[in-house]
Amino acid sequence: MSHPRLDEGSTVNKMHRSIAATAAALTLLPFGLAHAALEEIIVTAKKREQDIQEVDVSIAALDARTYEELTRGTLEGLASQITNVQAYATNTFLQSVHIRGIGLNEFQGQYDSPVAQHSDEVYISKPWMNSRRQYDIARVEVLKGPQGTLFGRNTTGGAVNYYTQAPSQEFDASFEMQMDQHERYRVGGMVNGALADRLGGRLSFNSEFGNGGPQYNLLTHKEWGRPDLVDVRGQLLWEGDNLTVRLLAHGGRDQSEKVAWKGPGIFALCAPGFCPQLFTGEVYEQQSACPKFAGLAILAGRPEGEYEPEGSFTINQNTPPKVDDTFYGGYLRVEYDMGWADLTSITAAEYYERIHREDSQSDIFDSTSTHYYNQINQFTQELRLAGNVNERWSYIAGLFYEKDDLDQVDGSDLSGQLLPILPPFASQFFAQFNQKLESVAAFLNTEYDLTDRLTFNAGLRYTHDRTAVNDVLLGLGNLPQVGKEKYVTPCLITTFPAGPIGSPACPFLGPFAPLYASHRSDVNYSWRAGLEWKATDDVMLYGNLTTGYRAGGYSLPFAGAATTFDPEDIFAQEVGIKSRWMDGTVQLNAALFHYVYNDVQVNVDDPVSPLVPITRNIGKQENLGAEVDLEWAPTEQWFLRQGIGWLDAEYQDTDRVISTYAGPIPLEGKTPVNSPTLTYNGVVQYRRAVFGGWNGALGFDYRWVDERYLEATNQVFDKADAYWVVNGRAAVTSPDGHWEVAVYGTNLFNEQYLTYINNISFFALEILGEKRTVGANLRYRFR
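Quantities reported herein were computed from a predicted structural model and do not represent experimental measurements.

A tally of helices and strands in the protein yields six helices and 47 strands. Burial analysis of the protein (783 residues in total) assigns 60% to the buried set. Within the protein, contacts between residues separated by at least 24 positions form 67% of all contacts whose residues are at least 6 apart in sequence.

Right, dumping it as structure tokens:
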């Protein structure tokens, strides 16, 4: 059977075929037709409007049409268009974004990612708060490297910034329907127009539903992956002579079935220890090669539950992943032109309740049926002033405040566990706690034109973070209640400082002890200094020195001891060039970067938490890399984009030794998770009139990702092989622009590739990218 871990020859052959196909497409270009200059993209990466080619930082941006056509509103689709960016699992409760080898690889819900996400410049603190399709988008900007001077918190790796379509005075409306071969459907639309003089309104929505999905469950004989999502957004925009006010409110619920893990067995049959195939990689070539329960399921008369089924999209589970989420929030943005400066205030609040269940061990028993509950209230306030001291000197100064209140209850039901892991008096792992955060920051960014072509940039940010955890209860129990109810009959508590503590449910273990509580405060000064030189009107060279920081916090696992970890910080050096050539039809950008990353926070299998991984500071990480991006519009019909990235990342100066199936493994010299050495992406699009005044568009986008590790220990069982993914889209638009009909295909060659793995002490799990999917989209626009 085919499997994501392909042999080198297979990958190289596919790479050669794809390159050949691209070259063939290039030979068909009608060079005799008139050239068309590339469209300018206006971004706000420095919180003021600029042409993307005039911004002295590494940034990729997609406008509304490009984002919709190439990403389909997903985070994976967005990352596939951007060099040196990896992102996976939008359709699961996980959201993993890595920029230049920096990202979050953690499944518990209390962590903030080093790659921050913002919606209309509102910071979204937890990745799972934004893990759904983005719709009615004006543009997306992906900033690479530390961004702490101007953007929110926790941006050691970068930032992904979404900008929604704002209301306007002109009437506009659209309605669209989409379906795919897995019987998944999507209906969306918007209406926009004037409500009164100077007052515009906009209402948009996205709804997803269906009868099937891309996976098949042998236990139920049904497809799995049915979406069930409703997301609504309403806005008002009032524009006065000097004052602009924008009010946005949104809300929805998600009760979708999510992507289920695959869980190859790891044990020897009726013998102690692991199976030999685990250490050769064969267990990933043939997922049924080893038993999950060492033969105990066979002895119990349930042989059908002993082995993982063959087929990368076939599962055999009694509780595959499903969510029951509720979310709402909004913001008030006020902009006032005072003549000598512009004052901006953004006041935002977000609420998200996440209820998630999954079959972590991927089987038909309640061996590890895991439940997650998170309820967060987030409030943020940003106030900033932007202006010019004189014709050469501009500035942005601001204040930022954030307050988060998170209740979390995690637990695993092991009542059906066949392996001898738990004592007989308890059947659940659990963790419950409250985490509160307050963050205060002040920032200043300034630009000074030393000459007409040379500009000096500098920035400074002060941040004070206070994180407190209360009512922490970790250990074993007998009655899991996921939701607003907590675990009420703890049996064994393993909290600070160390060792087990008894409870009334287990009086033989000793007297009941009070719940654990703690807090920590972190202070940081981040800075930035850089030069940009406009060699010509179309060529800019820049260099930056930048620092960044991510706050410390707490690991509170549901099968280990509570620990705290310190802040991480980064020093980034980067030089780059941005250029346009051939009358604006060619755009060539390149960057070279070097990161020194200290006290890196990494998710590892630490000895103090023998059953589930926790976050620890492991030492230093050094990243060296380069990227080149080329865009070319040789004619009015053709557009091409190519990008290649190189990355060399490794852990250094660390004495951490991590538990693995192969025994203790030191992290010194290992490659961080999701840090492929080479990546390549490209787009080829062709547009022309086809018949009766209708306009046609045909496009392909593709991405190659080098082999990489998905666990920090870099063992055979941690490795994912290189892969290609090719997507296509064909569309026709009516002469008046009202109708658009499109067909699309994702993963056209049905490549099987890994996106996530987690090698737990007593089982292994993996997520694969979605198989080939073909669908159609119909849109009508009222104008």
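Next up on the list: the environment of V690. Counting through the fold element by element, V690 comes out in strand 39 (residues 678-691). Spatially, the C-alpha atoms of V690 and V732 are 8.2 Å apart, while their sequence positions differ by 42 residues. Once you skip the residues sitting within four places of it in the chain, V690 turns out to touch N695, G696 and V732.

Moving on, we come to empty space enclosed by the protein. A full pass over the atoms with the stated rule returns 16 cavities of 30 Å³ or more. Here the second largest cavity is characterised by a volume of approximately 450 Å³. In terms of lining, the second largest cavity is formed by 36 residues, of which the most central are L104, D112, R550, Q601 and T615. Elements that contribute at least two residues to the lining of the second largest cavity include exactly strand 6 (102-103), strand 23 (393-413), strand 24 (428-449), strand 29 (553-555) and strand 33 (601-604). When the residues that make up the lining of the second largest cavity are grouped by side-chain class, the tally is 14 nonpolar, 14 polar and eight charged.

For the rest of this paragraph, the subject is the environment of Y111. Among the secondary structure elements, Y111 is positioned in the loop between strand 6 and strand 7 (115-119). For the pair formed by Y111 and P127, sequence separation is 16 residues and the distance between their alpha carbons is 8.5 Å. Other than its neighbours up to four places away in sequence, Y111 contacts L104, E106, S125, K126, P127, Y554, S555, L556, F565 and T615. A polar contact is formed between the side chain of Y111 and the side chain of S555, at a distance of 2.9 Å.

Further remarks concern the layout of surface pockets. Looking at the largest pocket, its volume works out to about 1,200 Å³. The wall of the largest pocket is formed by 48 residues, among which R65, E68, E740, R779 and R781 lie closest to the centre. Grouping the constituent residues of the lining of the largest pocket by class yields 14 nonpolar, 16 polar and 18 charged. The space that makes up the second largest pocket amounts to roughly 1,100 Å³. Considering the residues around the second largest pocket, the lining is formed by 43 residues, among which T44, K47, E49, R333 and E335 are closest to the centre. Looking at the lining of the second largest pocket, the element that brings in the most residues is strand 20 (residues 325-337), giving five residues. When the residues that make up the lining of the second largest pocket are grouped by side-chain class, the tally is 15 nonpolar, twelve polar and 16 charged.

Together, F171, F175, M177, V191, L203, F205, V230, V232 and F782 make up a nonpolar patch on the protein surface, roughly 730 Å² of accessible area in all. Mapped by element, the contributors of at least two residues to the nonpolar patch are strand 11 (172-180), strand 13 (199-210) and strand 16 (229-239). Its location among the elements puts V191 in strand 12 (residues 184-196).

Let us look at the pattern of salt bridges. One pass over the full model with this rule turns up 47 salt bridges. A salt bridge links D404 to K126, with the shortest nitrogen-to-oxygen separation between them at 3.8 Å. Residue D404 is found in strand 23, and its partner K126 is found in the loop between strand 8 (122-124) and strand 9 (137-144); the two are separated by 278 residues along the sequence. There is no split in this pair, since D404 and K126 are both buried. Connected through salt bridges with shared partners, the residues E68, E69, E176, R186, R687, R729, E740 and R779 form a single ionic network.

Glancing now at the sheet that holds strand 3 (residues 59-63). The five strands are arranged 3-9-10-7-8 in an open sheet whose pairing can be described as mixed. At either margin of the open sheet sits one strand with a lone partner, and together these are strand 3 and strand 8. Averaged over neighbouring strand pairs, the angle between their axes works out to 20° when direction is ignored. Bridge analysis of strand 7 against strand 8 gives three bridges, and the strand direction is antiparallel. What sits directly across from S119, in strand 8, is V122. Sitting on the sheet, helix 2 (residues 64-71) is in contact with strand 3, strand 9 and strand 10 (158-164), with an inclination near 90° to strand 3.

Looking at where N161 falls in the secondary structure, it is placed in strand 10. Given the relative accessible area of 1%, N161 is considered buried. In this structure, the C-alpha to C-alpha distance between N161 and Q117, residues 44 residues apart in sequence, is 5.8 Å. Polar side-chain contacts of N161 include one of 2.8 Å to the side chain of H118.

Time to look at helix 2. Among the residues of helix 2, those classed as buried are Y67, E69, L70 and T71. Downstream of helix 2 by one or two residues, R72 has phi in the positive range, about 60°.

Cut-offs applied
- Residues numbered from 1 in each chain as written.
- Predicted model: local features only at pLDDT ≥ 70, side-chain atom pairs only at ≥ 80, totals over all residues.
- Heavy atoms only, no water.
- Helix = DSSP H or I, 4+ residues; strand = E, 2+ residues; numbered from the N terminus.
- Buried < 20%, exposed > 50% of the residue type's maximum accessible area, 1.4 Å probe, protein only.
- Contact = heavy atoms within 4.5 Å.
- 1 Å grid on protein atoms, 1.4 Å probe; cavity = no way out; pocket = protein on both sides within 12 Å on 5 of 7 lines; lining within 4 Å.
- Points joined across faces, edges and corners; volume = space filled by probe spheres on them.
- Nonpolar A, V, L, I, M, F, W, Y, C, P; charged D, E, K, R; others polar.
- Polar contact = N/O pair within 3.5 Å; in protein donor to acceptor, adjacent residues only side chain to side chain.
- Patch = residues over 30% accessible without salt bridge, like charges linked within 9 Å, V, L, I, M, F, W, Y side chains within 5 Å.
- Areas by Shrake-Rupley, 256 points an atom, 1.4 Å probe, with all protein chains shown as cover.
- Salt bridge = Lys/Arg side-chain N within 4 Å of Asp/Glu carboxyl O.
- Pairing = 2+ DSSP bridges.
- Axes fitted to C-alpha atoms, helices over the stretch in contact; angles between N-to-C directions.

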